[in-house]
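A structural walkthrough
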Amino acid sequence: MKLTHREQDGVVILEPKGKIMGGPDATVLHEQIHELISQSKLRVVIDLAKVDWMNSTGLGILIAGLTTLRDNKGDLKLACVTDKIQSLLTITKLITVFDAYDTVEEAIAGF
Amino acid sequence: MGPPPTETARLVIPSDPHRVTEADEFLELALRKHGVPDSIVTDLAIVTTELVNNAIMHGNRQNIDKMVTLTVQFSGDIVEIRVADQSDDGPFDPSTLPDPLAEENLLKEVGRGVFIVRSLMDEVTFEKGPTGGTVVVVRKSVKSE
């Protein structure tokens, strides 16, 4: 998984690309979120448009990001969730945990 | 009893978490070579990486001297995937896992892998390996949906 980021309207947009399946993936996103918190950047959108698929490790990474940001009075939202990831979020009931939007702009507006 | 297996591929990797990508590449190559539709390739890749991660992290406890064996076998329209570890205390009993859908478990970062495997596959069994350890066997029809 590769990870890039940008800022828009005071929100950080993280853009993972590829498959999120385990191994070193877990630390990359976590370290990025901790770095953002240290910079007091507490509103984060994860744009999933370029994620081919993820397994439960990927879901765990999203949950860790969400709880870490909320523990620091921030929040995390999902954007551009693909059908496969939407299906996983639904069957695991995580769709009730995350705010998910069709576009990055809608996710930003959700803050 | 179905038709005899027509094709078997096997990969053996040490229990290093970084090797899961190799398992995924091996699996997807075998499936695409067999003409499996993309959506089913994705489901099988999700499941296989779940099982390989579990074998590495939980079965073999990241001991790189212990191996994980991934076997992919086709019999007619059915693909069978086996992931075997070399744990000392197999076979794993999935009934011991907490319910990942329970309210108190929703925000846990781990514990939903086996649930996902069962949701995506037609059959899932946990067996004892021939020399101990756990072998997880999953089967899926690969006919176009």
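Okay, so let's go over this structure. Because the structure is predicted, anything quoted here is derived from the model rather than measured.

1. A word on the packing of helix α1 (residues 20-33) of chain B against helix α2 (residues 38-59) of chain B
Residues and elements named next belong to chain B. Where α1 meets α2, the closest approach of the two axes is 9 Å, and the angle between their N-to-C directions is 145 degrees. Between α1 and α2 lies a crossing whose hand is right-handed. On α2, the residues touching V20, A23, D24, L27, E28, L31 and R32 of α1 are V41, L44, A45, T48, T49, V52 and N53. In terms of residue class, the contact of α1 with α2 is made up of eight nonpolar, three polar and three charged.

2. What to know about unusual backbone geometry
Residue and element names in this part refer to chain A. Despite not being glycine, S40 shows a phi value in the positive range, around 60 degrees. As for its position among the elements, S40 is in the loop between α1 (25-38) and β3 (43-47). Not every positive phi belongs to a glycine, and C80 is a case in point at roughly 55 degrees. Locating C80 in the fold gives a position in the loop between β5 (75-79) and α3 (83-91). On the basis of neighbour counts, which here come to 20 C-beta atoms within 10 Å, the residue C80 falls in the buried class.

3. Some details on the interface of chain B and chain A
At the interface, 22 residues of chain B touch 21 residues of chain A. Secondary-structure elements contributing two or more residues to the side of chain B that touches chain A are α1, α2 and α3 (113-120) of chain B. In terms of residue count, α2 of chain B provides more of the side of chain B that touches chain A than any other element does, six residues in total. Classifying every residue of the side of chain B that touches chain A by side-chain character gives eleven nonpolar, seven polar and four charged.

4. Regarding the packing of α2 of chain B against α3 of chain B
Residues and elements named next belong to chain B. One can describe the packing of α2 onto α3 by two numbers: an axis separation of 9 Å at closest approach and a directional angle of 150 degrees. Here α2 is positioned roughly antiparallel relative to α3, judged by the angle of their axes. At the point where α2 passes α3, the crossing takes the left-handed sense. In this structure, α2 contributes D43, I46, V47, E50, L51, N53 and N54 to the contact, and α3 contributes G113, I116, V117 and L120. Residue classes in the contact of α2 with α3 are distributed as six nonpolar, three polar and two charged.

5. Description of the pairing of strand β1 (residues 2-8) of chain A
Residue and element names in this part refer to chain A. Judged by how many residues are buried, β1 sits mostly at the surface: zero of seven residues are covered. Bridging between β1 and strand β2 (residues 11-20) involves seven bridges; their strand directions are antiparallel. Its bridge partner being in β2, Q8 is matched across the sheet by V11.

6. Quick look at the nonpolar core
Core analysis: the largest hydrophobic core is formed by 64 residues, its most contacted members being V44, V45, I46 and L48 of chain A together with L27, V52 and V83 of chain B. It is α2 of chain B that provides the largest number of residues to this core, a total of eight residues. Each residue touching L48 of chain A, except ones within four places of it in the same chain, is listed here: L78, A79, C80, V81, T82 and I85 of chain A.

Rules used in this analysis
In every chain, residue numbers begin from 1 and rise along the written sequence. Lettering for chains starts from A, numbering for ligands starts from 1, and both go in the order in which the items are written. Totals for whole chains, interfaces and linings use all residues, but because this is a predicted model, local features are given only for residues with pLDDT of at least 70 and pairs of side-chain atoms are given and counted only at 80 or more. Between N-to-C directions, angles cover 0 to 180 degrees, with each direction set by a line fitted to C-alpha atoms, over the stretch in contact for helices. We count a stretch as a helix when DSSP gives it H or I for four or more residues in a row; a strand needs E for two or more, and each element gets its number in order from the N terminus. Crossing handedness is read from the near helix: turned anticlockwise from the far helix by less than a right angle, it gives a left-handed crossing, and turned clockwise, a right-handed one. The contact criterion used here is simple: two residues whose C-beta atoms, placed from the backbone, lie within 7 Å are in contact. Residue type decides the class: Asp, Glu, Lys and Arg count as charged, Ala, Val, Leu, Ile, Met, Phe, Trp, Tyr, Cys and Pro as nonpolar, and the leftover types, Gly among them, as polar. Whether a residue is buried, exposed or partly exposed follows from its count of other C-beta atoms within 10 Å of its own C-beta, namely 20 or more, 12 or fewer, or something in between, respectively; the C-beta atoms are built from the backbone. When an angle is under 35 degrees it counts as roughly parallel; over 145 it counts as roughly antiparallel; between 65 and 115 it counts as roughly perpendicular; any other value is oblique. Only strands that DSSP links by at least two bridges are regarded as paired with each other. Defined on buried residues, the nonpolar core groups Ala, Val, Leu, Ile, Met, Phe, Trp, Tyr and Cys residues joined through C-beta atoms within 7 Å.

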